[in-house]
Amino acid sequence: MSLQRLQTRLSPEDIAHWSIDEASVERDVRQADRLGLIERFGLLSTDADPALDNLVQLAQRLLAAPVPFFGVVGPERDFYKSLCGAPEPLASEREISGRTFCHYTHVSGRTVQLDDIVAAGSPWADVPTVTTLGVRAYLGVPVIIDGQTVGSLCAIDLQPRAWREQDVATLEALAMSYERDLALRQALGAWRQLAQQRQENIVQYERLVAGIAHDMRTPLLAANLDRKSTRLNSSH
């Protein structure tokens, strides 16, 4: 695992003493630049993303995690673009309202590892999904594009779990793979836009040249017709 990723993990001390600021969470997840990127990549769309589905399924196999998913924090809800192993109705609806662990992965922009969420003194026990879904362990890695967290690749367990270094490194590697995929899509989109603009410029240039050529031919044609008319009149 790269040094950069190691430096973007929340330390156990950070996690144990994190003061949860709800106002800060709400402000950060509603940033216009971040929401613009999410919309551009269609991450709140229900359309399938086969590349992402493959990564989530791979995470389930490699981590032996009951519920791996890719979560996106939208302005009003969390949407699970890809999800495996979740109970109904979450499996079908793929969205949830209210505070979730993904909010903190998004806000921190760092890997969040929680081994025992309901341990004594844990600041995380009040997160609603502890009660509604029975979450007891969480591992989340942010996916970052242009400095903005657009989603997080995560895994949860319904039992306390000591995530291994191998688990964390594997999920981080899968998240980086999706980051590269999104960056490539972004570059291809920019290239297509540039190519379209160049084509439009070519069409405009051709129209301009054709117009100039027409304007140049019209006086010459008029002069030729005038000379022919003069010769006809003279012959009579």
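Described in the following lines is the structure provided in the data block. (Residues numbered from 1 in each chain as written. Predicted model: local features only at pLDDT ≥ 70, side-chain atom pairs only at ≥ 80, totals over all residues. Heavy atoms only, no water.)

**Some points on the sheet that holds strand β1 (residues 67-73)**
Item 1. Here six strands make up an open sheet; going across it, the order is β3-β2-β1-β6-β5-β4 and the pairing antiparallel. Looking at which strands have only one partner, the edges of the open sheet turn out to be β3 (95-96) and β4 (112-114).
Item 2. Direction of pairing for β1 relative to strand β6 (residues 148-157): antiparallel, over a ladder of five bridges. For Gly71, the partnering residue across the bridge sits in β6 and is Ser152. (Pairing = 2+ DSSP bridges. Helix = DSSP H or I, 4+ residues; strand = E, 2+ residues; numbered from the N terminus.)

**As for the packing of aromatic side chains**
Given two aromatic rings, one states the distance between the centres and the angle between the planes to describe the pair.
Item 1. Counted under the stated rule, the structure contains five aromatic pairs.
Item 2. Aromatic side chains Phe101 and Tyr138 sit 5.3 Å apart centroid to centroid with 25° between the ring planes, which places their arrangement in the stacked category. Separated by 37 residues along the polypeptide, Phe101 in helix α7 (residues 101-108) and Tyr138 in strand β5 (residues 137-145) bring together distant segments of the chain.
Item 3. The class for Phe101 is buried, based on a relative accessible area of 3%. (Phe/Tyr/Trp six-rings, centres within 6.5 Å; stacked < 30°, edge-to-face > 60°. Buried < 20%, exposed > 50% of the residue type's maximum accessible area, 1.4 Å probe, protein only.)

**Quick look at the nonpolar core**
Item 1. Within the largest apolar cluster, 28 residues are counted, with the highest numbers of intra-cluster contacts made by Leu43, Phe70, Val150 and Tyr178.
Item 2. The element best represented in this core is helix α9 (residues 165-235), accounting for six residues.
Item 3. In contact with Phe70, not counting residues within four places along its chain, are Leu43, Leu52, Val56, Phe79, Tyr80, Lys81, Ser82, Val143, Gly151, Ser152, Leu153 and Tyr178. (Core = buried A, V, L, I, M, F, W, Y, C linked by side-chain atoms within 4.5 Å. Contact = heavy atoms within 4.5 Å.)

**Thoughts on α7**
Working note: α-helix, 3.6 residues per turn, so residues spaced by three or four point in the same direction.
Item 1. With six of eight residues buried, α7 lies mostly within the body of the structure.
Item 2. Listing the buried residues of α7 in full gives Phe101, Cys102, His103, Tyr104, Thr105 and His106.
Item 3. Gly109 occupies a position one or two residues after α7 and carries a positive phi of about 65°.

So yeah, pure geometry; function would need other evidence.
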